[in-house]
Amino acid sequence: MTRPAPLHQSRPPDDIAQILDWLASPIPEDPAQDLAQLSGELAALGHARLEDAHYHRILDLFYDRAQRLSPSLKAHLTEATLPLGKELRAMAALLISVHESIASGYERVLLDTERLAHSKRRNAATVAARALRCLSGAFEASCMVAGPAPTGLWRRAHALAGSARARFEPTATVIPGLSLDTEKIYKALLALAAAQPEGFSPREIALACEYLMHFSAAVNLLAEPPAEEEGSWYWVDSDRDMGPVPPNRRIPPDHGDLIYCSFQLLARLLGEQVSALESGMPAGNLRLPEGAAGQGGIAALKRLQAHWSHPPHRQHSRRHNNFRTQICVGLSELWQLLERGEAPEGTEAGAPHMTEWMVLNESPAGYAVMHVAGEIEGLVQGSVIALRPAPDKPWNICIVRWMRSENPEHIELGLELVAPAARSVQLMFRNGDPAQLPTPGLLLPAIPALREHPAVLAPSGASTARRFFIVAGEDKTHIMQGRLLSLDMQTGAVELFQFESDPYPT
């Protein structure tokens, strides 16, 4: 087979046979290599002079190949942490571009309304659904790398949904007008955006997308605000390049092409499924993804449910700032730092290191920070970060609540403050396992405004029994027995639980 021309070269407009030969070839072992060639062949298709029907048939082949590639490519993204490596970022950018290009092709096909009106196999509803699925794939990949939605994506998605809706019942109060596929894909796109994906890890985003693939029909689209408490629904302006917005964040305008969406039914359904999971029901019996019952899976589903039932809003005013701070990334790094103390720079190989960040704003609940200097790795939503404004100040213990990265040089984090200080400890849970090894953790003080009892921050899944030992002190001779009271927080990386001294030690 002839090797395809580089992406920057134009091909003769009649070079279609080569494109078809390539589309008929098997996908290679390296999906990233196939993605690069798919992008080049797709560009060649755009330059070719073809009848609309012929163009549409070939575009369907590109769509099928891209859909087969996406799962393996996104599997690489589920392990992504910030900052992204060069190859992974390039792959993600190309995947987003390919999805957008195929969606653009289907938007071109939709202009041929007369032919689509007389076609049973390639009708407008099917074309709109495929275009929306491509835009959804682009949005999902953007979320997984903590990037913004591609410019114009929301306006295009609203237009595709509106076009499909106009062909059915545009005057209905409840909007059933989308074809089944188009409706489900559009609702899933809205639900993912409403969940604030910048606060979910790539693996959790993949879980949310797989869940919505099965259950997004439970989202309600309405022509008027629903008869629910204000703040429990969202509005969408189809004329703007933006996703769904809750009224407690921004009041809907009194003009424009507005629709309203409610995720209450979806939240109730998910709540019932989570209760069944916690009762021991297998995820497969509930049509849930396999990862739903895995480590952190239930916690991620609970956070999705919370966003869909009660759109979050700021409880504290933010104070804008512009001062530099040191940050230590990761529970194990912070544990070592507190355990060993700070060695002079360069005196100990592998010693925890700090990086420099700028505090953009702060509130009693936490901070928004931007990376300034120092090499970082392993940033992921739900992980632990410690922050201090000066070397003589204690470390504030925080959880990464959201991440944004528009390019490799720009990273912003939203941090939730969980404690103004911490001690390094080791944990041993009384679960009857004689081979159990001590688990590093952080002992957090009781804080009247946050929690009544002291707490422990440990790796996710560490609490395997209600009773445990805490070993602390420089000589590791101070032992306390504790009893878990409540699991207050669990992410894919860590969990935080309150405890009390065990009143009945044995």
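Anything mentioned here points back to the structure above.
Everything numeric here is computed off the predicted structure, so don't read it as measured data. (Residues numbered from 1 in each chain as written. Predicted model: local features only at pLDDT ≥ 70, side-chain atom pairs only at ≥ 80, totals over all residues. Heavy atoms only, no water.)

Participant: Even after reading the chapter, I still don't get the overall build of the chain, so can you show me in this structure?
Facilitator: Of regular secondary structure, the chain possesses twelve helices and 15 strands. The buried share among the 506 residues of the chain stands at 51%. Relative to all contacts within the chain whose residues are 6 or more apart in sequence, the contacts with residues 24 or more apart total 66%. Accessible surface computed for the chain: about 24300 Å², of which carbon and sulfur atoms make up 52%. (Helix = DSSP H or I, 4+ residues; strand = E, 2+ residues; numbered from the N terminus. Buried < 20%, exposed > 50% of the residue type's maximum accessible area, 1.4 Å probe, protein only. Contact = heavy atoms within 4.5 Å. Areas by Shrake-Rupley, 256 points an atom, 1.4 Å probe, with all protein chains shown as cover.)

Participant: Can you help me understand the nonpolar core in this one?
Facilitator: As a rule of thumb, soluble globular proteins bury nonpolar side chains together. Counting 112 residues, the largest nonpolar core has Phe 62, Ile 102, Phe 263, Leu 266, Trp 308, Leu 379 and Leu 413 as the members making the most contacts within it. With twelve residues, the single largest contributor to this core is helix α6 (residues 124–144). Residues within four places of Ile 102 in sequence aside, it is in contact with Leu 42, Leu 59, Phe 62, Tyr 63, Ala 66 and Cys 134. Core analysis: the next-biggest nonpolar cluster, separate from the first, contains 20 residues, Cys 328, Trp 395, Leu 444 and Leu 496 among them. (Core = buried A, V, L, I, M, F, W, Y, C linked by side-chain atoms within 4.5 Å.)

Participant: Can you walk me through the packing of helix α4 (residues 86–110) against α6 in this structure?
Facilitator: A packed helix pair is summarised by two numbers, namely the angle formed by the two axes and the spacing between the axes. Contact geometry for α4 and α6: axes closest at 8 Å, N-to-C directions at 160°. Judged by the inter-axis angle, α4 sits roughly antiparallel to α6. As for how α4 packs across α6, the hand of that crossing is left-handed. When α4 is examined against α6, the residues Leu 95, Ile 96, His 99, Glu 100, Ile 102, Ala 103, Tyr 106, Val 109 and Leu 110 are found in contact with a partner set consisting of Ala 124, Val 127, Ala 128, Arg 130, Ala 131, Cys 134, Leu 135, Gly 137, Ala 138, Ala 141 and Ser 142. For the contact of α4 with α6, the per-class residue count stands at 15 nonpolar, three polar and two charged. (Axes fitted to C-alpha atoms, helices over the stretch in contact; angles between N-to-C directions. Parallel < 35°, antiparallel > 145°, perpendicular 65-115°, else oblique. Left-handed = near helix turned anticlockwise from the far one by under 90°. Nonpolar A, V, L, I, M, F, W, Y, C, P; charged D, E, K, R; others polar.)

Participant: How should I be thinking about the sheet that holds strand β1 (residues 220–222) in this particular structure?
Facilitator: Working definition: the strands of a sheet are paired by backbone hydrogen bonds and lie parallel or antiparallel to each other. In spatial order, the strands read β1-β3-β2; together these three strands make up an open sheet with antiparallel pairing. Each end of this open sheet is capped by a strand with a single partner; those strands are β1 and β2 (233–237). Taken pair by pair, the neighbouring strands of this sheet meet at an average axis angle of 25°, ignoring direction. Direction of pairing for β2 relative to strand β3 (residues 258–262): antiparallel, over a ladder of five bridges. The residue of β3 that forms the bridge with Asp 237 is Leu 258. (Pairing = 2+ DSSP bridges.)

Participant: What is the right way to look at the environment of Glu 229 in this model?
Facilitator: Inspection of the secondary structure puts Glu 229 in the loop between β1 and β2. You can call Glu 229 exposed: its relative accessible area is 64%. The spatial distance from the C-alpha of Glu 229 to the C-alpha of His 310 is 9.8 Å, given a sequence separation of 81 residues.

Participant: What's the story with unusual backbone geometry in this structure? I'm lost.
Facilitator: What you tend to see is this: most non-glycine residues have negative phi, and most peptide bonds are trans. For the peptide bond that leads from Leu 82 to Pro 83, omega is -5°, which places it in the cis range. Among the structural elements, Pro 83 can be located in the loop between α3 (52–77) and α4.

Participant: Just to check I follow, could you spell out the side chain of Ser 405 for this structure?
Facilitator: One can find Ser 405 in strand β8 (residues 396–407). Ser 405 sits in the buried class, given a relative accessible area of 2%. Among the polar contacts listed, one links the side chain of Ser 405 to the backbone oxygen of His 410, at a separation of 3.1 Å. Discounting residues that sit within four places of it in the chain, Ser 405 has contacts with Leu 82, Arg 89, Val 145, Ala 146, Gly 147, His 410 and Ile 411. (Polar contact = N/O pair within 3.5 Å; in protein donor to acceptor, adjacent residues only side chain to side chain.)

Participant: Mind showing me how you'd approach the packing of aromatic side chains here?
Facilitator: In this description, an aromatic ring pair is defined by two values, namely the gap between the centres and the angle between the planes. Applying the stated criterion across every chain yields a total of eleven aromatic pairs. Each ring, one from Phe 139 and one from Trp 154, has its centre 5.4 Å from the other, and the planes form 70°; the classification is edge-to-face. Here Trp 154 lies in helix α7 (residues 153–166) and Phe 139 lies in helix α6, a separation of 15 residues in the sequence. Between Tyr 234 and Phe 263 the ring centres are 5.2 Å apart and the planes differ by 80°, which places this aromatic pair in the edge-to-face class. With a gap of 29 residues between them, Tyr 234 in strand β2 and Phe 263 in the loop between β3 and α10 (264–278) connect regions that are remote in the sequence. Under the relative-accessibility criterion, Tyr 234 is labelled buried at 2%. Taking the relative accessible area as the measure of exposure, Phe 263 reaches 0% and is therefore buried. Each member of the aromatic cluster is reached from another via a ring pair, and the members are Phe 429, Phe 468, Phe 497 and Phe 499. The residue whose ring lies beneath Arg 65 is Trp 22, and the NZ or CZ to ring-centre distance is 4.3 Å. Lying over the aromatic face of Tyr 55, Arg 108 brings its terminal NZ or CZ to 3.7 Å of the ring centre. (Phe/Tyr/Trp six-rings, centres within 6.5 Å; stacked < 30°, edge-to-face > 60°. Lys NZ or Arg CZ within 6 Å of the ring centre and 35° of its normal.)

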